[in-house]
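For reference, the chains in residue letters:
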Amino acid sequence: MKKIVVLGAAESGVGAAILAQKQGFEVFVSDRSSIRENYKQMLDSHHIRWEEQQHTESEILTADEVVKSPGIPKEAPIVRKIAEKGIPVISEIEFAGRYTQSKMVCITGSNGKTTTTSLIYHIFRNAGYDVGLAGNIGHSLALQVAEDPHPIYVIELSSFQLDDIYRFKADIAVLLNITPDHLDRYEGKMENYAASKMRITQNQAEGDAFIYWADDPVIQEQLKRHNIQAIAYPFSELKKTGTIAYIDNGQYTIERPSPFTMPQGELSLRGKHNIYNSLAAGLAAKVAGISNETIRKSLSSFEGVEHRLEYVCTKNGVEYINDSKATNVDACWYALESMTRPTILILGGLDKGNDYSTILPLVREKCVALVFLGVDNRKLHDNFDGLGITIADTHAMTDCMKACQELAQPGQTVLLSPCCASFDLFKNMEDRGEQFKAWARNI
């Protein structure tokens, strides 16, 4: 019996372990951190061996193959030792793809992934399709393949997940954009990160679809380096030569695979960034053969994604917006671009090699104050202190919200759009957003 070792016992790892057991492998799960109680119960209910707060090399280095959590870098000591032994390392997505013939609609990009994935899922569900939501959101693809299979999956893929896929294929691939993010995991090199994103097109054949934002210069450069076999469906903000989906004279327009139009004002999602997300989602639906009526109704009814430009409340004339998902500079740029009132911007967290220069003009234009929220805010001070804008330095959500209360005036907006990962002070991005919302609602 071949042995599968799963590194990391969260959603993807536990799902991979359950699928591996179902496929007849000997399975061992190892997590360097503590395992959440619900995942322990899932593993125990399937009688799968596991360990936490350690990596036992005698167990791990006897594997025939390792399924690695996307959060574990290749530089981790145990991963280096696995590589030295010549043991193949794959992702949960790659592993799950071996055991299903379902159609895969896959979405990646530096920004907008969750919104676009959720919108595509919303459209497909409204069309009556039996569809699973997987990847960075929803349940583990492997777990669904094992216990709740669907003929179609809509999958949000990070660069980390793409790094460890080899034969997995997207029937419909959506690439929203490529802007600097996670460069600390890519030797500080943008070209390495961009190449990772382009892996979404690998293994695609002539009958598959590749939907991408044609206005992105990094994508255009990458297209010169890749021989993509799939049918191209480029979209852009405005109509131009070579693109087949765009906004033209206030009309949301798709030319092929068959024509579709609707007034831009009927789109439920607002802001420039959401034009791209809505165009990409509409194209994916058209490629899948969904009716114009369903697409129109779905684009008009979608309510958005939690923690992404999420309206929380208005207290004492001050509006509170939760954009905790903005874990890179470009996401914050789009959030600021959409602000229509003087803004108190909350920045900070675990820096990923950020270059803040791109948002400085918008900060000057839109912001009346900045509140830094992180363990170490020195880099933020280095970049923003010279703007002449009021700055508060905080190291906990309690102090952050007190500072916002003191600074904000009626008619202004408090925007949590941090540019950074959350792991210095919070469990995750969701925890940061939930704490922000709770404080805002209790003011």
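Analysis parameters
Residues numbered from 1 in each chain as written. Predicted model: local features only at pLDDT ≥ 70, side-chain atom pairs only at ≥ 80, totals over all residues. Heavy atoms only, no water. Pairing = 2+ DSSP bridges. Helix = DSSP H or I, 4+ residues; strand = E, 2+ residues; numbered from the N terminus. Core = buried A, V, L, I, M, F, W, Y, C linked by side-chain atoms within 4.5 Å. Buried < 20%, exposed > 50% of the residue type's maximum accessible area, 1.4 Å probe, protein only. Contact = heavy atoms within 4.5 Å. Polar contact = N/O pair within 3.5 Å; in protein donor to acceptor, adjacent residues only side chain to side chain. Phe/Tyr/Trp six-rings, centres within 6.5 Å; stacked < 30°, edge-to-face > 60°. Lys NZ or Arg CZ within 6 Å of the ring centre and 35° of its normal. Axes fitted to C-alpha atoms, helices over the stretch in contact; angles between N-to-C directions. Parallel < 35°, antiparallel > 145°, perpendicular 65-115°, else oblique. Left-handed = near helix turned anticlockwise from the far one by under 90°. Nonpolar A, V, L, I, M, F, W, Y, C, P; charged D, E, K, R; others polar.

A short note on the sheet that holds strand β5 (residues 89–90)
- Taken in spatial order, the five strands line up as β3-β2-β1-β4-β5 in an open sheet, and their pairing is parallel. Edge positions in the sheet fall to β3 (49–52) and β5, since each has one partner strand and no second.

Here we look at the nonpolar core
- Of all hydrophobic cores here, the largest spans 48 residues; its most connected members are V29, F95, C106, L141, I155 and F168.
- Of the residues forming this core, the biggest block, six residues, is contributed by helix α1 (residues 11–22).
- Beyond its immediate sequence surroundings of up to four residues, V29 is in contact with V6, G8, A9, A17, L43, I48, R49, W50 and E51.
- Membership of the second largest hydrophobic core comes to 40 residues, among which are F124, I152, I254 and I275.

Concerning the side chain of D323
- The residue D323 is located in the loop between β16 (318–322) and α13 (329–337) in this model.
- Given a relative accessible area of 0%, D323 falls into the buried group.
- A polar side-chain atom of D323 sits 2.9 Å from the main-chain amide nitrogen of L309.
- In this structure D323 touches H307, R308, L309, A331, A335, L415, L416, S417 and P418, once residues within four positions along its chain are discounted.

Brief notes about the side chain of K197
- When you line up the elements, K197 lands in helix α9 (residues 190–198).
- From its side chain, K197 meets the backbone oxygen of G109 in a polar contact 3.1 Å long.
- Ignoring anything within four residues of it in the chain, the contact list for K197 reads T108, G109, S110, K113, L157, S158, S159, L162, L175 and I178.

Structural notes on the packing of aromatic side chains
- Under the criterion given, the structure shown has eleven aromatic pairs.
- With a centroid separation of 6.3 Å and an interplanar angle of 75°, the aromatic rings of Y276 and Y334 are classed as edge-to-face. One end of the pair, Y276, is in helix α11 (residues 272–287); the other, Y334, is in helix α13, and 58 residues separate them in sequence.
- Residue classification places Y276 among the buried residues on the basis of a relative accessible area of 7%.
- By relative accessible area, which is 7% here, Y334 ends up buried.
- One Lys or Arg, R199, reaches over the ring of Y166 and ends 5.5 Å from the middle of that ring.

Digging into the packing of α11 against helix α12 (residues 292–301)
- Where α11 contacts α12, the two axes come as close as 10 Å, and the packing angle between them is 155°. Relative to α12, the element α11 lies roughly antiparallel. α11 and α12 meet at a crossing whose hand is right-handed. Judged by residue contacts, S278, G282, A285 and K286 of α11 engage N292, I295 and L299 from α12.
- Of the residues contributing to the contact of α11 with α12, the split by class is three nonpolar, three polar and one charged.

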